[in-house]
Amino acid sequence: MPNSKIPAGPLEQKWTDYKGHCKLVNPANKRKLEIIIVGTGLAGASAAASLGELGYKVKAFCFQDSPRRAHSIAAQGGINAAKNYQNDGDSVFRLFYDTIKGGDYRSREANVHRLAEVSASIIDQCVAQGVPFAREYGGLLNNRSFGGTQVKRTFYAAGQTGQQLLIGAYQALERQVALGNVSMYTRHEMLDVVVVDGKARGIICRNLVTGELERYFGHAVLLCSGGYGNVFYLSTNAMGSNVTAAWKAHKRGAYFANPCFTQIHPTCIPVTGDHQSKLTLMSESLRNDGRIWVPKKQNDTRKANDIPEEERDYYLERRYPAFGNLVPRDVASRAAKERCDAGYGVGTTKQAVYLDFKYNLINKYGRVEAGKLGIENPDIETLVRLGKEVVKEEYGNLFDMYEKITGENPYEVPMRIYPAVHYTMGGLWVDYELMTSVPGLYCLGEANFSDHGANRLGASALMQGLADGYFVIPYTMGNYLADEIATKPIPTNHEAFEAAEKGVHARINTLMNIKGAQSVESFHKRLGKIMWEKCGMARNEKGLQEAIKEIQALKIEFWKDVKIPGSIHEMNPELDKANRVADFIELGELMCLDALQRNESCGGHFREESQTEDGEALRHDDQFMYVSAWEHAGESNWNLQKEVLEYELIKPSQRNYK
């Protein structure tokens, strides 16, 4: 069984005790130690800034032309923290409990409690950096509601929270670059991990501008490369988001944990046709101020505004009265799919539901604003006008984005939304110190599996990325590096570096010499279709078995018939994408294997054979109360290692949001 290294003692004291007893590296010795960080989103940028500030020699890599291009920028709605500014009953324990329950009891308790503990410090850090969080009239930071909770704990900056947080982390990173503590390598993609005597000691990169392969040494390597949602082709992820860095580490011995745990986000602009290469997210925060509904009549072709109130089914409010429109993402997504499959979908494709803001424009905001202005008995037109002004301030950029994409004004007509692939809870297995099963190789943020179980609560991704980078890794890395002070930098002509580069070079040459007839994009689309249909919102044994065979056949076809124009020694985006899609194909097979092996439903993993009478996810704690940690053992071959999950404070039960 993988050793999670969870400290002894009461749960609420584990992190404090760990920090008080872990090994330290003195400032003079920190300057002798080199750290490689792959990825410069929130997790990577905050880690690089923190470790650079401590005095380590940091080398940071990203495949974009700037760290500010990281996909963290796309997060819209907010970041959770247990500040309890609203005085509505929030606490560290409540955030911890909501996260464990939201993840359907498939998270590691110790990691989640630590996350809840440091959440408040994240907000203080970001405010000190100048992140422009929304504020109330009195000057205090404002909060909004998110799914899976009954308190307001989500801090936000209009509908661009991720962008503002990334700017904060980026400026902290660039300060360290200017001081010479961090060396920044843009347009560099990691294509292998170098392991020397069982420890991660460096990476092989491809310079994406020149095409040259380059070698870099580090006493430790941190992977902060994000999630793998693009395995489905259509997702809310940036087009460049990929699994390659994590997958290369996996093939070097790092366990890949819970790969089938994929989050389907309920509020995405629906698919319109085969021409699309990605999907656009509408922030979950919109569910705070919108009501989700479908017509009560099947196959209703009337326009939304022509359907009277009494003929609308606010199905989330009906099915889950305690949480209503703010149920967790997996619950909301399955409910939308169920309504559409039953014939109540809307729009031209009938694969959408309505998200309507008119009620709250009038009653939640319009009436309050009218009261402030002393307007007695305002008419509906006045209420709508006043309500719009408030909503524009909170969500204006999201409404503008929706109108540009769909041509419809969401202030006047309800949004049409449908679930789409968004976040991946699975990732490289890490212990309490965020180290993978390869010594010296760490993994932070969405790239690891540790905090979200089978379903991530909204606004917790930004929280985890910054917690890992600012407040966890500076302590846990020291515990490892304290024993590496005497290790001299390994020259990059070492045989391990030579062998790793040779392997990368051979793979690139093989890809370029296939000279087939089918584009990389066509293979990616076909993989995505298999994954969405058979390992998407619902899975079953027959479909998963078929998917594994289809992916294996697709892999053979890819390596025989893919067409990559251009050459190796130049900027060649098609070659870069071919490398990534080849990894996605292998990952897709493991995801289906993991989903097949986990014969239960939990969170975003919904096996049709395992559901309650009400159609909710039905866990089997007696059989599957563990993390599935897969060890690579050759082509299409993996060994399953199990980390048993033990709960001290929380008793797992059937989730109930009614």
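The rules behind the values
- Residues numbered from 1 in each chain as written.
- Predicted model: local features only at pLDDT ≥ 70, side-chain atom pairs only at ≥ 80, totals over all residues.
- Heavy atoms only, no water.
- Helix = DSSP H or I, 4+ residues; strand = E, 2+ residues; numbered from the N terminus.
- Contact = heavy atoms within 4.5 Å.
- Polar contact = N/O pair within 3.5 Å; in protein donor to acceptor, adjacent residues only side chain to side chain.
- Core = buried A, V, L, I, M, F, W, Y, C linked by side-chain atoms within 4.5 Å.
- Buried < 20%, exposed > 50% of the residue type's maximum accessible area, 1.4 Å probe, protein only.
- Domains from an automatic or database assignment.
- Buried area = accessible area lost by both parts, 1.4 Å probe.
- Salt bridge = Lys/Arg side-chain N within 4 Å of Asp/Glu carboxyl O.
- Pairing = 2+ DSSP bridges.
- Axes fitted to C-alpha atoms, helices over the stretch in contact; angles between N-to-C directions.

As for its placement among the helices and strands, His-632 is situated in strand E20 (residues 626–632). Here the alpha-carbon distance between His-632 and Asn-111, two residues 521 residues apart in the chain, equals 25 Å. Those residues in contact with His-632 that sit more than four places away from it in its chain are His-250, Lys-251, Asn-637 and Trp-638. Here the side chain of His-632 touches Gly-634 through a polar contact of 3.3 Å, landing on its backbone oxygen.

Turning next to the nonpolar core. Nonpolar side chains in soluble globular proteins tend to be buried together. Judged by nonpolar contacts, the single largest core of 151 residues is most densely connected at Ile-79, Leu-222 and Tyr-442. Composition of this core by domain shows at least three residues from each of domain 1 (11–261 + 425–484) and domain 3 (502–622). Residues in contact with Tyr-442, not counting those within four places in the same chain, are Ala-220, Val-221, Leu-222, Leu-223, Glu-433, Leu-434, Met-435, Thr-436, Ile-473, Thr-476, Met-477 and Tyr-480. Counting 32 residues, the second-largest nonpolar core is a separate cluster that includes Val-294, Tyr-365, Tyr-402 and Tyr-411.

What the domain assignment lists for the protein is domain 1 (11–261 + 425–484), domain 2 (265–421) and domain 3 (502–622). For domain 2 and domain 3, the distance between their C-alpha centroids amounts to 33 Å. Here domain 2 meets domain 3 over a buried area of about 800 Å², counting both sides, of which 57% is carbon and sulfur. Summed over the three residues of domain 2 that lose the most area to domain 3, namely Asp-330, Arg-334 and Lys-337, the buried surface amounts to 51% of that side. Counting every contact that joins domain 2 to domain 3 gives 1 salt bridge. A salt bridge links Glu-616 to Arg-319, with the shortest nitrogen-to-oxygen separation between them at 3.5 Å. Considering each element in turn, the side of domain 2 that touches domain 3 owes the most residues, 5 residues, to helix H10 (residues 329–344).

Turning to the side chain of Thr-244, a few remarks are in order. By the element assignment, Thr-244 lies in helix H7 (residues 244–251). What makes Thr-244 buried here is its relative accessible area of 0%. Apart from the residues lying within four places of it in its own chain, the contact partners of Thr-244 are Glu-189, Met-190, Leu-191, Asn-579, Arg-580 and Asp-583.

Quick look at the pairing of strand E21 (residues 638–644) now. Both E20 and E21 contribute to a ladder of 7 bridges, which runs antiparallel. Bridge pairing in E21 places Ala-629 opposite Gln-641. Two successive antiparallel strands, E20 and E21, enclose a turn made up of 5 residues, where Gly-634 displays a positive phi of approximately 120°.

Hydrogen bonding along the main chain pairs the strands of a sheet, whether they run parallel or antiparallel. Spatially, the 5 strands line up as an open sheet ordered E5-E2-E1-E9-E17, and their pairing is parallel. The open sheet has two free edges, formed respectively by strand E5 (182–185) and strand E17 (441–443), since each of these has just one partner strand. For this sheet the average axis-to-axis angle between neighbouring strands, irrespective of direction, equals 20°. With 4 bridges connecting them, strand E1 (residues 34–38) and strand E9 (residues 220–223) associate as parallel partners. Pairing of Val-38 across the sheet is with Leu-223, part of E9.

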